[in-house]
Amino acid sequence: MKIHSVLCLALVIALLASPAWAGCGRWVIRDDTDYLSDPDFDQAVASSTGAAATLNPDGTIKESSEKDAANEKAQNEKPDERAIQKEAEIKENAAPKEENIADLGGEWRVLLEMKIDGQDKQNALDLILIQTRDRLQGYGTILEGGADLPATATGSISDDSVSLIVSLVEQKKEYQLDLAVIEGGLKGIYELYESEKLAGRGNATASRLSS
């Protein structure tokens, strides 16, 4: 019995004295130990935050920066494409209008008819019109009281209608004509103003003398 006790005591002493076994029963603290190091957690954080994030705040997959740049470029190009398309449509719509504008350049004779005190009165206006697209200007003479009076004209063309103002500066008279383009000439009405006051109105008929 004594021998058995002695052997056990010797065994315990040997175990306690051994360096290999001494470290098994206690924590060994190292200076470079990182208690918060968690590779899985670090990877999850990197994938959801910062420039390298692969997830949106709602959990959906974030598109790559190259795709974002391509989308941004496409958005910036769209306004230019729309502007080009709109400009082409404007030109396309404007072209037929210019083609449909009547050609009124040349020499014209306009007969101005007015009824005064129950009697018909007629004056003849000879004009040379110069046309620039839908604009008119010109000069000529009007026969009034047996005399040819110098006159100037300005006007515009809209579809099949013509607005023309013939001015006699020295006499302070102005004829305002609203005419329609008809086959072979112009026809409509006019108003006569003297010193900026309405003095009368009547019918106007114009025929081309030469083109």
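Residues numbered from 1 in each chain as written. Predicted model: local features only at pLDDT ≥ 70, side-chain atom pairs only at ≥ 80, totals over all residues. Heavy atoms only, no water.

Engineer: What is the right way to read the overall build of the protein from this model?
Structural biologist: A tally of helices and strands in the protein yields 4 helices and 8 strands. Order of helices (α) and strands (β) in the protein, N terminus to C terminus: α-α-α-α-β-β-β-β-β-β-β-β. Here the protein holds 211 residues, and 19% of them are scored as buried. Put simply, 30% of the contacts in the protein that link residues at least 6 apart link residues at least 24 apart. Taken as a whole, the protein presents about 16300 Å² of accessible surface, with 54% of it coming from carbon and sulfur. (Helix = DSSP H or I, 4+ residues; strand = E, 2+ residues; numbered from the N terminus. Buried < 20%, exposed > 50% of the residue type's maximum accessible area, 1.4 Å probe, protein only. Contact = heavy atoms within 4.5 Å. Areas by Shrake-Rupley, 256 points an atom, 1.4 Å probe, with all protein chains shown as cover.)

Engineer: What am I meant to see in the pairing of strand 3 (residues 135-144) here?
Structural biologist: Both faces of the sheet carry side chains from a regular strand, because those side chains alternate between them. Every second residue of strand 3 is oriented toward a common face, the buried set being L136, G138, G140, I142 and E144 and the non-buried set R135, Q137, Y139, T141 and L143. Taken together, the 9 bridges between strand 2 (residues 119-132) and strand 3 define a ladder with antiparallel strand orientation. Within the sheet, the bridge partner assigned to Q131 lies in strand 3 and is L136. Where strand 2 folds back onto strand 3 in an antiparallel hairpin, the turn is made up of 2 residues, including R133, whose phi is positive at roughly 55 degrees. Sheet analysis places strand 3 next to strand 4 (residues 147-158), joined by 10 bridges and oriented antiparallel. Of the residues in strand 4, the one forming a bridge with L136 is G155. The hairpin formed by strand 3 and strand 4 contains 2 residues between the paired strands, and G145 there has a positive phi angle of roughly 60 degrees. (Pairing = 2+ DSSP bridges.)

Engineer: I tried to follow the side chain of E144 on my own but got confused; where do I start?
Structural biologist: As for its placement among the helices and strands, E144 is situated in strand 3. Residue E144 is classed as buried on the basis of its relative accessible area of 12%. Of the polar contacts made by the side chain of E144, one reaches the side chain of Y175; its length is 2.4 Å. Those residues in contact with E144 that lie beyond four places of it in its chain are N123, L149, L168, K173 and Y175. (Polar contact = N/O pair within 3.5 Å; in protein donor to acceptor, adjacent residues only side chain to side chain.)

Engineer: Looking at this model, I keep getting lost on the environment of Q137. Mind explaining?
Structural biologist: Within the secondary structure layout, Q137 lies in strand 3. When its relative accessible area of 47% is taken as the criterion, Q137 is described as partly exposed. Once the C-alpha coordinates of Q137 and T152 are considered, the two residues, 15 residues apart in sequence, prove to be 7.8 Å apart. Residue contacts for Q137: discarding those within four places in its chain leaves I128, L129, I130, A153 and T154.

Engineer: So what exactly am I meant to see when it comes to the pairing of strand 4 here?
Structural biologist: Pairing of strand 4 with strand 5 (residues 161-168), which is carried by 7 bridges, proceeds in the antiparallel orientation. From the neighbouring strand, T154 faces strand 5, where its bridge partner is I165. Here strand 4 folds back onto strand 5 in antiparallel fashion, the turn holding 2 residues, of which D159 has a positive phi close to 55 degrees.

Engineer: I keep staring at the pattern of salt bridges and nothing clicks. Help me out?
Structural biologist: A side chain with one charge may pair with a side chain of the opposite charge, provided their charged atoms come close. Throughout the structure, instances matching the rule amount to 5 salt bridges. Among the ionic pairs, K115 bridges to D120, the shortest N-O distance being 2.9 Å. We classify K115 as exposed; its relative accessible area is 56%. As a salt-bridge pair, E144 and K173 come within 3.1 Å of each other at their nearest N and O atoms. Note that E144 is positioned in strand 3 and K173 in strand 6 (residues 173-182), a separation of 29 residues in sequence. Side by side, E144 and K173 carry an identical accessibility label, which is buried. Through salt bridges with shared partners, a single network forms among E144, K173 and E194. (Salt bridge = Lys/Arg side-chain N within 4 Å of Asp/Glu carboxyl O.)

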